[in-house]
Amino acid sequence: MRSRAGDLGLGAVFVGALVFLYLPIAVLVGLSFNESGLPTAWGGFSTKWYSELARDEEIKSAAMATLTVALAATAVSVLIGTPLAFGLARLRSRLLDGLVFVPMIIPDIVLAIALLSGFNLVFTQKLGLQLGLWSVVLAHATFGIAFVAIVVSTRLAHFDHSTVEASLDLGANESRTFFHVTLPQIAPGVIAGALIVFTLSVDEFVIAYFTAGIEITLPIKIYSMVRFGVTPVVNALATVVLGVSIALVLASMRLRGRQAAS
Amino acid sequence: MKHLRPTGLVAVAALAVLAIVVAVVAGSATAKTSGTTLTISNWDAYTPKDLIPKFEKATGIKVKLAKHTTNEDIMGKLEAQNGGGYDIVFVSGPFAESLKKRGWAARLDQTQIPNRKNLYPAASRLAYDLGNKYSMPYTWGTTGLCWRSDLTKTPTSWNDLLKPSADLKGKTTMLATDRWLMLPALKVLGYSINTVNPAQLKKAAALLKETKKTLLAYDDTTFYSKLVSGEARLVQAWDGWCNYGIGENPKIKFKIPKEGSDVFVDSMVVLEKSKNKEAAHKFLDWVLRADSGKAVTELVLYKTPNAVAMAQVKKSLGKQYPNLLIPPKLLLTFETERDLGKAQPLWSRTVSEIVG
Amino acid sequence: MRRGRLRSTALVSPALLWWAGLLVLPVGLVLAYSFFQRGTYGGVVYDWTFDNYRRAFDSLYLSVLWFSLRVAVEATVISLLIGYPVALFVATRPARWRTVLLVLIILPFWTSLLIRTYAWIVLLNDQGLINRVLRGSGLVDEPVRLLYNEFAIVIGMVSTYLPLMVLPIYAALERLGPELAEASADLGANAWKRLWTVMVPLTLPGIAAGCIFVFVPTLGNFLIPDLLGGGRRQMVGNLIQGQFLKARDWPFGATLAVSLIAMLLVLVLVQSWLARRGADGEAAPNAV
């Protein structure tokens, strides 16, 4: 009954996409074990870059800084962007729907300079605050809110209001209805939006460089290494990040499996 | 009905992360330090590892080292902060001149920098800041041709790059930054590297547009690894960078073409808005020590204008990296890059036309 | 009714206030520089002028824009052709697999773009893996120039922005849930028809969002043209950044930025009008 042909076709595209996306990953993981520092010459197998990574306090603290900023920016974006999506769905204004995209269409350098000028005037000069990771969070959330709102809106576009009405009719109050009926239905949209913002923040250089004061995030550290050659220490770090993420994913699958079973 | 638990988890996660935000804000905002702290911006891996710890120990002044990727980035930040935010910045010559012209570079008190006596006399005759009134030079060098001696014959002229022979077509690179992209053409045509004459720029641009057809790529950062891998055989290079290639493959060589070249300088500038000028002077003085200069050259394989340091380094590194031995007298026969003032947009546009 | 308006206002206010202070005001001020002049050594001199806008209409900038639009369209179309099936695949897997598969797609993007781009250079150059495969399989005799050209730039863009296409489409598809699985179960001539007449219109907002998420950043990306393009072609991102940082001509940079933003704003408003139209044209909220 269930035709395998179409499923296989989709699966083939999926696998093809994975190959395409992971080819450069395979290369950079391989290079993390390269004795030679240059990407174009294989000098033999070596784990020296991993030892160097372990000793490199600056890269490690930059990585932590980036993680903090990305998580915070994602949280803020979700907390402000999700209600925005709901408001937009209610207001049904095509103009507002379009304007939500504005943060995305401002060129990076313009946003970076604008925010630094503004932060400098207001926070540094008037309030005596040093710019730091917190100002990067503010900057990243500024475009993050838009991404979350847009993605959640795609979920709300055909939202089934009858479930909400049913819940209210059955006596649940608004808050309960929101958390137990509405939120689960839009959750995939929220998760997708959160993933986008997190991903964008983690590797964002221009805006972070201008708004971070003298703090150093991972992209700032990596891009600044370009002058004297980006050594495979960065590849080693990337491999570690990948390894940890995959481990987390596998662990969460195990957890889900046990939950489902119980 | 879908699971209810996930939403609770989401709420908790959000709160946790908000807590992080608060912590981060609190942490950054109340960064009160006892004693003086100098905020310095430099390129990554451009300061010897020991230099700052030794300075901090000897003087009790703390240093926070920020990074910038290019001159343009740090200048952009300074512009947006109206010349504030740092005590010292490391920038190349024309940018130091620009900072001076904007009124953002502090006039140096030479009496607080006794180690300047270690500098070559030539180092005080750099046109972008005669007498080192607003900056102190950190490293210097020149631009030339860097090639694989086993893959192509020795070049003599910039034309070997601009109008390459058949075996070199598609195997050459030029520097991407505007001042250096234009340099070979300007030298070949006999113009000043600081020319603002539109007709001269046009002629140089025409020459470079032809060159682009034979070029592999414009590359500021990975040209030496292209030489090592053989992807390129002849590249335009800063002398210090060519040394990185030489370090990997001794068949790589460096030469200044017969038409001449430039002398570029990376320098240290104390910002006028700095509140720690005395400490900043101490830092500059520290950097001009002989042992500091020696460490700098050993780290980045550039020449420093520190005569005492260079004398110590010549023996150990000079053989492997001959361009370290280029005498300052020769360097000073070349022009140094100046700030272009009003003509900067014209230059940028000219380069845009070449690159397309 | 009035309570409804109050509720809507409360929902959108945090975002709008945030953007008023952190977006409209600072960015507006910078864009306003486009009406002023560059100081001799950089900075802004407050003499009103329209010269910058006159300068902007120049064949050089228009050709850069044209090239950028072309690359952006190519990258968007390819990303859509790959991204839709990928999103569909993930959306039709059992629920517990979906997040895992999404993370798998996104994982590469938690590594630095810079080293991923260097990896592409290793893959695409004349002695790289791809050329070796092509030559080894006898398809070509000479290495094919895959690098430092438009091809490499587009590959770089697609490989960078593909997840931004997949995620919004997935979010839109996943909502269709069980109906989707059923539709994919009975595949044949009917399925294609069903795909076009039912799924695509329903996921139009997701498709539109995905396209914009790829199109806009592609235009503004400066790293990929520099590295994978060998600096041989500029794109709009390089151009605008160059004005602010290299030429230190903020007024002109602002002018180019205003022009770009205006164009993209039109694009985005048209998109949202079309998407909303799709939603309004629906029969009832709980159709399907």
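Everything numeric in this text was worked out from a predicted model, so none of it was measured.

Caption draft 1: Helix α14 (residues 344–355) of chain B, seen in detail. All names here are of chain B. Look at α14: 17 Å from first C-alpha to last across 12 residues, which is about the 16 Å you get at 1.5 Å a residue. Taking burial as the measure, the 12 residues of α14 include nine buried ones, the bulk of the element. Q344, P345, W347, S348, T350, V351, S352, I354 and V355 are the residues of α14 that are buried.

Caption draft 2: Main features of the pattern of salt bridges. Residue and element names in this part refer to chain A. Applying the stated criterion across every chain yields a total of 26 salt bridges over all chains. Of the charged contacts, one joins K60 and E57 as a salt bridge, the two residues approaching to 3.7 Å between their closest N and O atoms. Residue K60 and its partner E57 are located together in helix α3 (residues 57–91), separated by three residues, close to a single helical turn. Given the relative accessible area of 33%, K60 is considered partly exposed.

Caption draft 3: Expanded view of the confidence of the model for chain C. All names here are of chain C. Averaged over all residues, the pLDDT of chain C equals 86, while 88% of them reach at least 70. Looking across chain C, the model is least confident in helix α8 (residues 177–185), with a mean pLDDT of 60, and most confident in helix α3 (residues 59–91), with 94. Taken over the whole predicted complex, pTM reads 0.90, whereas the ipTM for its chain interfaces reads 0.87.

Caption draft 4: The arrangement of the interface of chain A and chain B in detail. Each partner contributes to the interface: chain A provides 37 residues, whereas chain B provides 43 residues. Of the roughly 3,800 Å² buried between chain A and chain B, counting both surfaces, carbon and sulfur atoms make up 67%. Area buried by chain A at its contact with chain B is led by Y209, R227 and F228 of chain A, which between them contribute 21% of it. Seen at the junction of chain A and chain B, the total is two salt bridges. Here chain A is connected to chain B by five residue pairs in polar contact (both at pLDDT 80 or more).

Caption draft 5: Focus on the interface of chain C and chain A. Contact with chain C, which involves 98 residues of that partner, is made by 96 residues of chain A. Buried area between chain C and chain A, summed over both chains or domains, comes out near 8,900 Å², and the portion from carbon and sulfur atoms is 77%. Counting every contact that joins chain C to chain A gives one salt bridge. The partner of R155 of chain A in a salt bridge is E174 of chain C, with the nearest N and O atoms 2.9 Å apart. Remark: the boundary between chain C and chain A carries 10 residue pairs in polar contact (both at pLDDT 80 or more). Per-element tally for the side of chain C that touches chain A: the top contributor is helix α1 (residues 2–32) of chain C, with 17 residues. Among the residues forming the side of chain C that touches chain A, the class breakdown is 73 nonpolar, 14 polar and 11 charged.

Caption draft 6: Here's a closer look at the packing of α3 of chain A against helix α7 (residues 133–156) of chain A. Residues and elements named next belong to chain A. Taken N-terminus to C-terminus, the directions of α3 and α7 make an angle of 40 degrees; their axes are 6 Å apart at the nearest point. Comparing the axis directions of α3 and α7 gives the class oblique. Relative to α7, α3 is oriented so that their crossing is right-handed. Considering only residue class, the contact of α3 with α7 consists of 21 nonpolar, six polar and no charged.

Conventions used here
- Residue positions within a chain follow its written sequence, with the count starting from 1.
- Starting at A for chains and at 1 for ligands, labels are handed out in the order in which the entities are written.
- In keeping with the predicted nature of the model, local features appear solely for residues at pLDDT of at least 70, side-chain atom pairs appear and are counted solely at 80 or more, and the whole-chain, interface and lining totals rest on all residues.
- Working from all heavy atoms in the structure, the side-chain values ignore hydrogens and water.
- Each helix is a run of H or I in the DSSP string that is no shorter than four residues. Each strand is a run of E no shorter than two, and both are numbered from the N terminus.
- Expected span, for any helix, means 1.5 Å times one less than how many residues it has.
- Residue burial is assigned from relative accessible area. The probe radius is 1.4 Å, only protein chains are included, and a residue is buried under 20% of its type maximum, exposed over 50%, and partly exposed in between.
- The salt bridge definition used is simple: a Lys or Arg side-chain nitrogen within 4 Å of an Asp or Glu carboxyl oxygen.
- As a per-residue measure, pLDDT tells how confident the predictor is, with possible values from 0 to 100.
- We call two residues contacting when some pair of their heavy atoms lies within 4.5 Å.
- Once two parts are brought into contact, the accessible area they lose, counted with a 1.4 Å probe and summed over both, makes up the buried area.
- Under this definition, polar contacts are N or O atom pairs within 3.5 Å; protein pairs additionally need one hydrogen-donor-capable and one acceptor-capable atom, and for neighbouring residues in sequence, both atoms have to be side-chain atoms.
- Each residue gets one label: Ala, Val, Leu, Ile, Met, Phe, Trp, Tyr, Cys and Pro are nonpolar, Asp, Glu, Lys and Arg are charged, and the others, such as Gly, are polar.
- Axis definition: a line fit to C-alpha positions, over the contact stretch in the case of helices; interaxial angles, taken between N-to-C directions, run 0 to 180 degrees.
- Roughly parallel here means an angle under 35 degrees, roughly antiparallel means over 145, roughly perpendicular means 65 to 115, and every remaining angle is called oblique.
- Two helices cross in a left-handed way if the nearer one is turned anticlockwise from the farther one by less than a right angle. They cross in a right-handed way if the turn is clockwise.

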